[in-house]
Amino acid sequence: MKNYSYFCNVEWKIIHIDETDSTNRWLKEVLAADLRDCNATNIAVVADYQTAGRGCGTNQWESERGKNLLFSMMIHPVNLPANKQFQISMAISLAMVDALGQLVGDLSIKWPNDIYWRNGKLAGILIENTLKGGLVKESIIGVGLNVNQREFHSDAPNPVSLWQITGQETNCEQLLKDILQAFDNQMGTRGVDALVPRYTQMLYRCKGFHPYTDKNGVFMAEITGVENDGHLLLLDDNGKKRRYAFKEVQFII
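In this text the structure is predicted, and so the values were computed from the model without any measurement. (Residues numbered from 1 in each chain as written. Predicted model: local features only at pLDDT ≥ 70, side-chain atom pairs only at ≥ 80, totals over all residues. Heavy atoms only, no water.)

Caption draft 1: A look at the sheet that holds strand β12 (residues 241-244). Taken together, five strands build an open sheet; the order of strands is β12-β11-β10-β9-β13 and the sheet is antiparallel. Each edge of the open sheet carries a strand with a single partner, namely β12 and β13 (250-251). Direction of pairing for strand β9 (residues 210-214) relative to β13: antiparallel, over a ladder of two bridges. Bridge pairing links tyrosine 212 to phenylalanine 251 in β13. (Pairing = 2+ DSSP bridges. Helix = DSSP H or I, 4+ residues; strand = E, 2+ residues; numbered from the N terminus.)

Caption draft 2: Here's a closer look at unusual backbone geometry. Cis geometry is found at the peptide bond from tryptophan 111 to proline 112, where omega equals 5°. Phi at asparagine 79 takes a positive value of approximately 55°, unusual for a residue other than glycine. Among the structural elements, asparagine 79 can be located in the loop between β4 (69-75) and α2 (86-100). Non-glycine residue aspartate 106 carries a positive phi angle of around 60°. Its location among the elements puts aspartate 106 in the loop between α2 and β5 (107-110). Residue class for aspartate 106 comes out partly exposed when judged on its relative accessible area of 48%. (Buried < 20%, exposed > 50% of the residue type's maximum accessible area, 1.4 Å probe, protein only.)

Caption draft 3: Looking closely at the nonpolar core. Ranked by size, the top nonpolar core spans 60 residues in total, and within it Leu69, Met96 and Leu145 carry the most contacts. Here this core takes eleven residues from α2, the largest share from any one element. Judged by nonpolar contacts, the second largest core, of nine residues, contains Ile17, Val45, Ala47 and Ile140. (Core = buried A, V, L, I, M, F, W, Y, C linked by side-chain atoms within 4.5 Å.)

Caption draft 4: Looking closely at the packing of α2 against helix α5 (residues 192-201). In the contact formed by α2 and α5, the axes pass within 10 Å of each other and the chain directions differ by 50°. As the angle between them shows, α2 and α5 are arranged oblique. In the crossing of α2 with α5, the sense of the turn from one axis to the other is left-handed. Every residue of α5 that contacts α2 at Phe86, Gln87, Met90, Ala91, Ser93, Leu94, Val97 and Asp98 is listed here: Val192, Leu195, Val196, Arg198 and Tyr199. Residue composition of the contact of α2 with α5, by class: nine nonpolar, two polar and two charged. (Axes fitted to C-alpha atoms, helices over the stretch in contact; angles between N-to-C directions. Parallel < 35°, antiparallel > 145°, perpendicular 65-115°, else oblique. Left-handed = near helix turned anticlockwise from the far one by under 90°. Contact = heavy atoms within 4.5 Å. Nonpolar A, V, L, I, M, F, W, Y, C, P; charged D, E, K, R; others polar.)

Caption draft 5: Fine view of the environment of proline 157. Note that proline 157 resides in the loop between β8 (135-145) and α3 (162-166). The exposure class assigned to proline 157 is exposed, which follows from its relative accessible area of 79%. Each C-alpha atom of the pair proline 157 and lysine 121 lies 8.8 Å from the other, and the pair is 36 residues apart in sequence.

Written as structure tokens, this is what we have:
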């Protein structure tokens, strides 16, 4: 017996499951052929609970059962070069900001794709791309968004939820639809070159000097830009230009 249900809209097939270890893994390994029976071009799976939700590397994602929005999206970009795959990261980050911006202000994107409310982490995003022939063949985008959780008990330094910000319950189903629509808008109407300026403007700590750390230690720097391939550009307080790939530099919060 199937342990999921789903419905289709024009562009998306949305699958609901009660529990899984990881929605990213579920999409990659469990998605059965009989789920490909409608004309939706993209698929999203949303779970009430994840037993092993994760962020990048070994990071874990804390989420109370049924309280938050835990989902993954599978898309098949058309003619997106591998060296421009950061467009996907920018598009989902901006989509999250657009959808959440209808509910709260003071949002930003902590490079490369965490969603922040002031100094609190509201959402994390994990993207896994499959490349073929110099193009992005498939992309799975996992999102953990703190929605209605009232307390956090892990050692994560700065989680925050929509409920903690607004004091109100939020409809997760509608919020998911809003995010998917916003993502379609970002991917469908703009190219990577057009996304970079707004993405850069929305970056956490996009103005002024702030503390960072890399393999050589702590330093002060300001963000000067982001390249189309996702590299972060900094200018330190000694006037030195710095360029970082993901995981090569960390914010000190």
